[in-house]
Amino acid sequence: MQQKYIIALSDEEKKDLEANLRTRKSSTPVYRRSQMLLAMDKNGEKVWKDHQIAEAYNVSTRQCIRLRKALCEDGMELALNGKPLAKRPPAKFDGTVEANLIALRCSDPPEGYSSWTLRLLAGEMVRLEYVESISHEGVNQLLKKTKSSRGKSNPGSSPK
């Protein structure tokens, strides 16, 4: 059984939501969420059910349920603006590591090998202490970034 979240807005919250409707553009998510919350308010003028709100504001009923839940559990600020996006972790390898990898890739492979493999490159990068650790997939991702060939002409274009 799904938990029902009842929305009972205070007068102050209603004023804030109505102010959002006056000051924001109608295309913003905050504007739409403000409309939906006012429609959900059990003490308000509309007191619509989720399926009515979904139809009127062109959203899914699941979005209505999530908005109700966000208001009840997280508060007005998070319900209107959503949770902040997680920040990406900083890049593990800088340009120096990338340059060392390319130089290593362009050098002659170890004795007994005809060419460099991703695992050989990863092992050699660690052995030469360019990095503390790196997987063969990490080597692959670094090499992928450098596979553009700026010197060649575009396919289909005539040579000069």
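The structure presented is a predicted model; accordingly, all values stated were derived computationally and were not measured.

Rules used in this analysis
Residues numbered from 1 in each chain as written. Predicted model: local features only at pLDDT ≥ 70, side-chain atom pairs only at ≥ 80, totals over all residues. Heavy atoms only, no water. Helix = DSSP H or I, 4+ residues; strand = E, 2+ residues; numbered from the N terminus. Buried < 20%, exposed > 50% of the residue type's maximum accessible area, 1.4 Å probe, protein only. Contact = heavy atoms within 4.5 Å. Areas by Shrake-Rupley, 256 points an atom, 1.4 Å probe, with all protein chains shown as cover. Core = buried A, V, L, I, M, F, W, Y, C linked by side-chain atoms within 4.5 Å. pLDDT = per-residue confidence, 0-100. Axes fitted to C-alpha atoms, helices over the stretch in contact; angles between N-to-C directions. Parallel < 35°, antiparallel > 145°, perpendicular 65-115°, else oblique. Nonpolar A, V, L, I, M, F, W, Y, C, P; charged D, E, K, R; others polar. Salt bridge = Lys/Arg side-chain N within 4 Å of Asp/Glu carboxyl O.

### Things to note about the overall build of the protein chain
Logical step 1: Tallying secondary structure elements over the protein chain gives eight helices and zero strands in all.
Logical step 2: Listing every helix and strand of the protein chain by position from the N terminus yields α-α-α-α-α-α-α-α.
Logical step 3: By the burial criterion, 29% of the 160 residues in the protein chain qualify as buried.
Logical step 4: Residue pairs at least 24 apart in sequence account for 49% of intrachain contacts in the protein chain once pairs closer than 6 positions are excluded.
Logical step 5: Of the accessible surface of the protein chain, which amounts to about 12,000 Å², a share of 49% is contributed by carbon and sulfur atoms.

### Some remarks on the nonpolar core
Logical step 1: With 20 residues, the main nonpolar core has Met-36, Leu-37 and Met-40 as its most contacted residues.
Logical step 2: Listed by contribution, the elements that provide at least two residues to this core are helix H2 (29-40), helix H3 (50-57), helix H4 (61-74) and helix H5 (76-81).
Logical step 3: At six residues, the largest contribution of residues to this core is made by H2.
Logical step 4: Filtering out sequence-adjacent residues up to four positions away, Leu-37 remains in contact with Ile-7, Leu-9, Leu-17, Leu-67, Leu-71, Met-76 and Leu-80.
Logical step 5: Ranked by size, the runner-up nonpolar core spans 14 residues in total, among them Phe-93, Leu-104, Leu-120 and Val-131.

### Here's the deal with the environment of Asn-100
Logical step 1: With respect to the helices and strands, the residue Asn-100 is situated in helix H6 (residues 95-106).
Logical step 2: The exposure class of Asn-100 is partly exposed, given its relative accessible area of 24%.
Logical step 3: Once the C-alpha coordinates of Asn-100 and Val-131 are considered, the two residues, 31 residues apart in sequence, prove to be 9.8 Å apart.
Logical step 4: Leaving out residues up to four positions away in the same chain, Asn-100 has contacts with Met-125 and Tyr-130.

### Quick word on the confidence of the model for the protein chain
Logical step 1: Scored by pLDDT, the protein chain comes out at a mean of 87, with 89% of its residues at no less than 70.
Logical step 2: Confidence, read as mean pLDDT per element, is least for helix H8 (residues 136-144) in the protein chain (91) and greatest for helix H7 (residues 118-127) (95).

### Considering the packing of H7 against H8
Logical step 1: At their nearest, the axes of H7 and H8 sit 8 Å apart, and the two run at 100° to each other. Judged by the angle between their axes, H7 and H8 are roughly perpendicular. For the pair H7 and H8, contact is made by Leu-118, Arg-119, Leu-121 and Ala-122 and by His-136, Val-139, Asn-140 and Leu-143, respectively.
Logical step 2: Residue composition of the contact of H7 with H8, grouped by class: five nonpolar, two polar and one charged.

### Looking at the pattern of salt bridges
Logical step 1: By the definition in use, this model includes three salt bridges.
Logical step 2: Across the salt bridge formed by Glu-124 and Arg-127, the nearest N and O atoms sit 2.6 Å from each other. Remark: Arg-127 and Glu-124 occur in helix H7; sequence separation between them is three residues, near one turn of the helix.
Logical step 3: Given a relative accessible area of 57%, Arg-127 falls into the exposed group.

### Some remarks on the side chain of Lys-14
Logical step 1: By secondary structure assignment, the location of Lys-14 is in helix H1 (residues 11-23).
Logical step 2: Not counting residues within four places of it along the chain, the set of residues in contact with Lys-14 comprises Leu-9, Leu-38, Asp-41, Asn-43 and Gly-44.

### Some remarks on unusual backbone geometry
Logical step 1: A positive phi angle, close to 50°, is found at Val-47, a residue other than glycine.
Logical step 2: Among the secondary structure elements, Val-47 is positioned in the loop between H2 and H3.
Logical step 3: What makes Val-47 partly exposed here is its relative accessible area of 43%.
Logical step 4: Residue Glu-129 is not a glycine yet carries a positive backbone phi of 60°.
Logical step 5: Relative to the elements of secondary structure, Glu-129 occurs in the loop between H7 and H8.
Logical step 6: Its relative accessible area of 69% is what places Glu-129 among the exposed residues.

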